[in-house]
Amino acid sequence: MSSDSAPIFWLTARQFLEGRSIRVVAALAAVPLLLGLIELIASGSDVDPRNMLGQSFNELSIPTLLPLIALILGSSALGNEISDRTLPYLVLKPWSRMRIIQEKFLATIVIGSIISIVFGFLVWGILCAAAGEFDGGLLLAVIVASVLAIAAYGAAFTFLSLMITRVLMAGLLYVLIWESLLARFIPGLRLLSIRHYVQSLFAHILGDATVTVEQQAAVGTSLIVLLAVTLVFIVLSWLRLQQMDLD
Amino acid sequence: MAATDTATRSPQAAQGSTSESSAPVRVNQVSKWYGDVVAVSQVDFEVWPGVTALLGPNGSGKTTLLKMLTGLTGPSTGTVTINGTVVRLGSDVYRDIGMVPEQEHIYPFMTGYEFLRLNAVMQRCSDIDASILRVLDLVEMRDAADRKVGEYSKGMRQRIKMAAALVHDPSIVFMDEPLSGLDPRQRVRAIDLIRELGEQGKVVIVSSHLLHEVQRFAEQVLVIVNGHLAASGSFRAIRDKIDEHARQILIVSSSPRRLGASLLEMNQAISARIDPAREGGIIIESNDVRALYQAVPKLAQTLDVRLFEIRSLDDSLASVFSYVTEAVR
């Protein structure tokens, strides 16, 4: 995919990589690596990669870290263009607004996933090397859950950035109160959170009792819900970008 | 003078033809309000090839109008069409449009060349490199093309924005305060460029709040005041209307009373009053400012009065607009 065939994707990727927020994203993605190293120091060769990484990914990455990474990238993909008033350079072109949304969204998924997966791979590799066995299923579960979580959350926060100006604050409250707190402890709300379906899928791919999810959704249901959430927010973002007044 | 024509003059109309084709830019009974605030009210005009100035004081609604012309903002009522297409409904219309926005921010991590390439690619130019080189030469930025935009001066950013708007050779160009930030030499070059674009048969709509700036490039003027189209037509016609009204001139001299009395005697002044805020100052009200400007130095020489300053007190655009907008105030 060249810069001429997908110019907005490459523009957005550069905006992410040359901005300051990428450091925050990298720091968040590095938290599991830090926890893995601490576990390694504490347990030595007795470390259990599936138990350690599986638990920390399920309890920390899915409900908190991945949504925050998606929040930072998703909210700035179009939000920064609006606040910097550079969006006219993109919308005053013979380029459909759906295409603009798609390329912005793709850059969010690609950059967010690559950073998350690289750090996930590092912690997986270090723990597995210490344990002397490489657990491919665990790595697959981390990769699939990371990509789908960033896609769903990223689409939601992209839409939010087109609706309100204080998107980071609103997104932070959503992640910390709804996804990390209410949806975790109130059974009915669980089904209304993105987190629940990512955790269900993660547990299914792991395929054992390492991670258990209450009211676990089926694989098909989880996939459909996550893809539907992603698609709905992309369409809503497109409709919003069509109608909103720009500076 | 209240609203005059509702359209700038078409080439056919100028030649007395009765069969007018559709204007490239049409604004039909457009209004825009934000909550209870009316930004633009019932504006109706057409624009034909050549340079047309959208003239108005700050906050008059001209930027809102320019945003509606380019589709950045939708009208609350009425329609804006570009080459017959309602501008908010189709993206293909942007093949014909170039826009120089007022805001300065450009992606700071890009070089000038990369910024132009982004624009050329998105405009689907057939020969991207040739298009970029052409506009770099137009704005005299070839030497700075490899520098990052974040390092550019305000004037350089203004010029690279102009280059980006012209990279696909559009037939309609919108410019929002394009001379802002340019040094005197660059202003001359930019004005020449705007005139050249008009002479090439492009529709060029330039927003400005500076009357003296506009008269250097615009053939047609749309005067926007308080969100209304206060006047439209040729620059000369509007200027003549302005000149018909009394204007206030401050003259600072060694003997203001003698000078004022003589000007009244010569019928060069309607009234004269001492300016308490300025030592040696007298404020003259005149119907014929040009004649007054010519008469004062000669009179001062005759009376042996030393002149220190002569300047119009109401050359600001806001004052000038008051002459042409009595009906909308």
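Being a predicted model, the structure only gives us computed values, none of them experimental. (Residues numbered from 1 in each chain as written. Chains lettered and ligands numbered in written order. Predicted model: local features only at pLDDT ≥ 70, side-chain atom pairs only at ≥ 80, totals over all residues.)

What follows is about the confidence of the model for chain B. Residues and elements named next belong to chain B. Here chain B shows a mean pLDDT of 85. Residues at 70 or above account for 86%. Within chain B, helix 1 (residues 11-14) has the poorest average pLDDT of any element, 48, and helix 3 (residues 112-122) the best, 97. pLDDT under 50 marks residues 1-7. Its contacts with residues more than four places away, or in other chains, come to 21 contacts. pLDDT under 50 marks residues 12-20. Its contacts with residues more than four places away, or in other chains, come to 6 contacts. Taken together, the chains of this predicted complex give a pTM of 0.81 and an interface ipTM of 0.89. (pLDDT = per-residue confidence, 0-100. Helix = DSSP H or I, 4+ residues; strand = E, 2+ residues; numbered from the N terminus. Contact = placed C-beta atoms within 7 Å.)

Here we take up the sheet that holds strand 6 (residues 97-100) of chain B. Residues and elements named next belong to chain B. The mixed open sheet is built from 6 strands, whose spatial order is 6-7-8-3-9-10. Strands at the two margins of the open sheet, each flanked by one partner only, are strand 6 and strand 10 (228-234). Averaged over all neighbouring strand pairs, the angle between strand axes comes to 15°, with direction disregarded. When strand 9 (residues 220-225) meets strand 10, the two strands line up antiparallel, connected through 6 bridges. Within the sheet, the bridge partner assigned to Val223 lies in strand 10 and is Ala231. With respect to the sheet, helix 2 (residues 62-70) is in contact with strand 3 (50-55), strand 6, strand 7 (172-176), strand 8 (203-208) and strand 9, its orientation differing from that of strand 7 by roughly 150°. (Pairing = 2+ DSSP bridges. Axes fitted to C-alpha atoms, helices over the stretch in contact; angles between N-to-C directions.)

This next bit is on the sheet that holds strand 2 (residues 37-47) of chain B. Residue and element names in this part refer to chain B. With respect to topology, 4 strands assemble into an open sheet ordered 2-1-4-5, the strand pairing being antiparallel. Pairing within the sheet leaves two strands with one partner each, and these edge strands are strand 2 and strand 5 (85-86). The pairing of strand 1 (residues 25-34) with strand 4 (residues 77-82) spans 5 bridges and is classified as antiparallel. What sits directly across from Asn28, in strand 4, is Thr79.

Residues and elements named next belong to chain B. Where burial is concerned, the two faces of strand 6 agree: the one with Ile97 and Met99 and the one with Gly98 and Val100 are both buried. Both strand 6 and strand 7 contribute to a ladder of 4 bridges, which runs parallel. Directly across from Met99, in strand 7, lies its bridge partner Phe174. (Buried ≥ 20, exposed ≤ 12 C-beta atoms within 10 Å, placed from the backbone.)

Below, the discussion takes up the environment of Ala145(A). All names here are of chain A. By secondary structure assignment, the location of Ala145 is in helix 6 (residues 136-163). Accessibility expressed as a C-beta count within 10 Å gives 28 for Ala145, which makes it buried. Remark: the alpha-carbon pair of Ala145 and Arg99, spanning 46 residues in sequence, is separated by 26 Å. Not counting the four nearest positions on each side in its chain, Ala145 is found in contact with Ile62, Val198, Leu201 and Phe202.

Looking now at the interface of chain B and chain A. Facing 21 residues of chain B, the contacting portion of chain A comprises 16 residues. Elements that contribute at least two residues to the side of chain B that touches chain A include exactly strand 6 and helix 3 of chain B. With 3 residues, helix 3 of chain B is the single largest residue contributor to the side of chain B that touches chain A. Along the lines of polarity and charge, the residues of the side of chain B that touches chain A split into 11 nonpolar, 7 polar and 3 charged. (Nonpolar A, V, L, I, M, F, W, Y, C, P; charged D, E, K, R; others polar.)

With that settled, consider the environment of Val221(B). All names here are of chain B. Structurally, Val221 can be placed in strand 9. Linking Val221 and Gln301, residues 80 residues apart in sequence, is a C-alpha distance of 39 Å. The residues touching Val221, leaving out its near neighbours within four places in the chain, are Ala53, Leu55, Val214, Ser232, Gly233, Phe235 and Ile238.

Below, the discussion takes up the nonpolar core. Core analysis: the largest hydrophobic core is formed by 152 residues, its most contacted members being Ile69(A), Tyr153(A), Val198(A), Phe202(A), Ala163(B) and Val206(B). Looking at which element gives the most residues to this core, the answer is helix 6 of chain A, with 16 residues. Beyond its immediate sequence surroundings of up to four residues, Val198(A) is in contact with Ile62(A), Ala145(A), Leu148(A), Ala149(A) and Leu226(A). Residues Ala269(B), Ile283(B), Leu292(B) and Val296(B) belong to the second largest nonpolar core, which totals 13 residues. (Core = buried A, V, L, I, M, F, W, Y, C linked by C-beta atoms within 7 Å.)

With that out of the way, let us pick up unusual backbone geometry. Residues and elements named next belong to chain B. Unlike most non-glycine residues, Asp169 shows phi in positive territory, near 55°. Residue placement: Asp169 occurs in the loop between helix 5 (154-166) and strand 7. Judged by the 15 C-beta atoms lying within 10 Å of it, Asp169 falls in the partly exposed class. The phi dihedral of Asn267 is positive, around 60°, even though this residue is not glycine. Within the fold, Asn267 resides in the loop between helix 9 (256-265) and strand 12 (271-274). With 11 C-beta atoms packed within 10 Å, Asn267 lands in the exposed category.

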